[in-house]
Amino acid sequence: PLSKTSTPKSRPPPDKLQALGPSRTEPPPRGAPVPSRLPSHAMRPALSVLCAALLASSVTGLVPPGVSTVVTQQRGVARWSPAPGPQLRMSSTDDSAIIPVSEETIATSASVSSAAAGLIIGGPVFALIAAVAGNYVVKQDGEVSDALKGVGKVSLDVVNFLLKLNKKYDLTTKASDATSSAIASIKEKDSEGTIGKVETVLGDATSKVKTLNSEYDLVEKSKQALAYASDLSVQAIDKGLELNKEYGIVDKVTETVKTTVSKGVEAAKKAA
């Protein structure tokens, strides 16, 4: 019988092996150049650093120009945090105001503003009524009171602004000097001395007022009297509202007026 015998595979000659190059399983021969390509896992840290730098530059570009920033990098992640700087502080009161802004001065300014509006609209009597009404409303709670307090606050700010301008540019002294020069030029043309007589009368009256004020402290007592009158007017209005609620005075007066008007109309029709 024929027996199957295995013949060993013949290896290619050495010159063909050098032409084909080293196999994947065999290590490269000594002295062969090492390939310059890095594996993918070795390039990941470099890509992370590059992405972090691009992200940091984009975040810095989005920040407004007036804000300073600090960009830090930790473990390949860009972090943004505002740089420490001076903190802004908003004050509820203006320390530089010549007239202090407080609840009391705002209420007084609101009353004066109401009186000024009443004087423009209806004269002195209406100005007094508007001042009393404004003083009462500003001490209550509600939208009308808040609006009137806002008007008083704005008026007070305007007065403080004008006083600051006068203090800075000395407008009062300049106006006084201009007035004095104008009066002096008029006095030169006044042959009868009328201007001098008026100045003498005004000077005497001013000196008497100063003497009375220094003796009786009229300015301080006037302030106290105004404050007392303000509180008294509020109490009077409150009492009047209580009486009206209890006895219906306004309704009765309204009904009486309507009846009187209707009788007058009927009498006029009969007479016609």
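**Details of the overall build of the protein**
What the protein contains, in helices and strands, is nine helices and two strands. Listed by position from the N terminus, the elements making up the protein come as α-α-β-β-α-α-α-α-α-α-α. When each of the 272 residues of the protein is scored for burial, the buried share is 11%. Considering only intrachain contacts with a sequence separation of at least 6, the fraction spanning at least 24 residues in the protein is 48%. As displayed, the protein offers around 22,900 Å² of accessible surface, 63% of which is attributable to carbon and sulfur atoms.

**Some thoughts on helix H5 (residues 143-169)**
Between its terminal C-alpha atoms H5 stretches 39 Å, which fits the 39 Å expected from 27 residues at 1.5 Å a residue. Among the residues making up H5, those that are buried are Ser145, Leu148, Gly152, Leu156 and Asn160. Where H5 ends, the next residue or the one after it, aspartate 170, has phi of about 55°, a positive value.

**Considerations on unusual backbone geometry**
The residue aspartate 170 is not glycine, and still its phi comes out positive at about 55°. A positive phi angle, close to 55°, is found at aspartate 217, a residue other than glycine. By relative accessible area, aspartate 217 is classed as partly exposed at 40%.

**Quick notes on the environment of alanine 227**
Mapped onto the secondary structure, alanine 227 falls in helix H8 (residues 218-247). Judged by relative accessible area, alanine 227 falls into the partly exposed class, the value being 40%. The spatial distance from the C-alpha of alanine 227 to the C-alpha of threonine 108 is 9.6 Å, given a sequence separation of 119 residues.

**Topic: the pattern of salt bridges**
Per the counting criterion, the structure on display carries two salt bridges. Here lysine 139 ties to aspartate 231 by a salt bridge, and the two come within 3.4 Å at their closest N and O atoms. With lysine 139 in the loop between helix H4 (124-138) and H5 and aspartate 231 in helix H8, this pair connects stretches of sequence that are 92 residues apart. Using a relative accessible area of 39% as the deciding quantity, one classes lysine 139 as partly exposed. According to the relative accessible area criterion, aspartate 231 is partly exposed, its value standing at 40%. Among the salt bridges present, the one from aspartate 157 reaches lysine 153, with a minimum N-O distance of 2.9 Å. One end of the pair is aspartate 157 and the other is lysine 153, both in helix H5 and four residues apart, which spans about a single turn. A relative accessible area of 32% places aspartate 157 in the partly exposed class. Its relative accessible area of 31% is what places lysine 153 among the partly exposed residues.

**Re a nonpolar patch on the surface**
A contiguous nonpolar patch, built from Leu243, Tyr247, Ile249, Val253, Val257, Val261 and Val265 and spanning about 590 Å² of accessible area, is present on the exposed surface. When residues in the nonpolar patch are grouped by element, the largest group, five residues, is from helix H9 (residues 249-271). Among the secondary structure elements, isoleucine 249 is positioned in helix H9.

**Thoughts on the side chain of threonine 105**
Relative to the elements of secondary structure, threonine 105 occurs in helix H3 (residues 103-122). A polar contact is formed between the side chain of threonine 105 and the backbone nitrogen of serine 102, at a distance of 2.8 Å. What threonine 105 contacts, discounting residues up to four positions off in sequence, is Pro100 and Leu156.

Reading guide: rules and limits
Residues numbered from 1 in each chain as written. Predicted model: local features only at pLDDT ≥ 70, side-chain atom pairs only at ≥ 80, totals over all residues. Heavy atoms only, no water. Helix = DSSP H or I, 4+ residues; strand = E, 2+ residues; numbered from the N terminus. Buried < 20%, exposed > 50% of the residue type's maximum accessible area, 1.4 Å probe, protein only. Contact = heavy atoms within 4.5 Å. Areas by Shrake-Rupley, 256 points an atom, 1.4 Å probe, with all protein chains shown as cover. Expected span 1.5 Å × (residues − 1). Salt bridge = Lys/Arg side-chain N within 4 Å of Asp/Glu carboxyl O. Patch = residues over 30% accessible without salt bridge, like charges linked within 9 Å, V, L, I, M, F, W, Y side chains within 5 Å. Polar contact = N/O pair within 3.5 Å; in protein donor to acceptor, adjacent residues only side chain to side chain.

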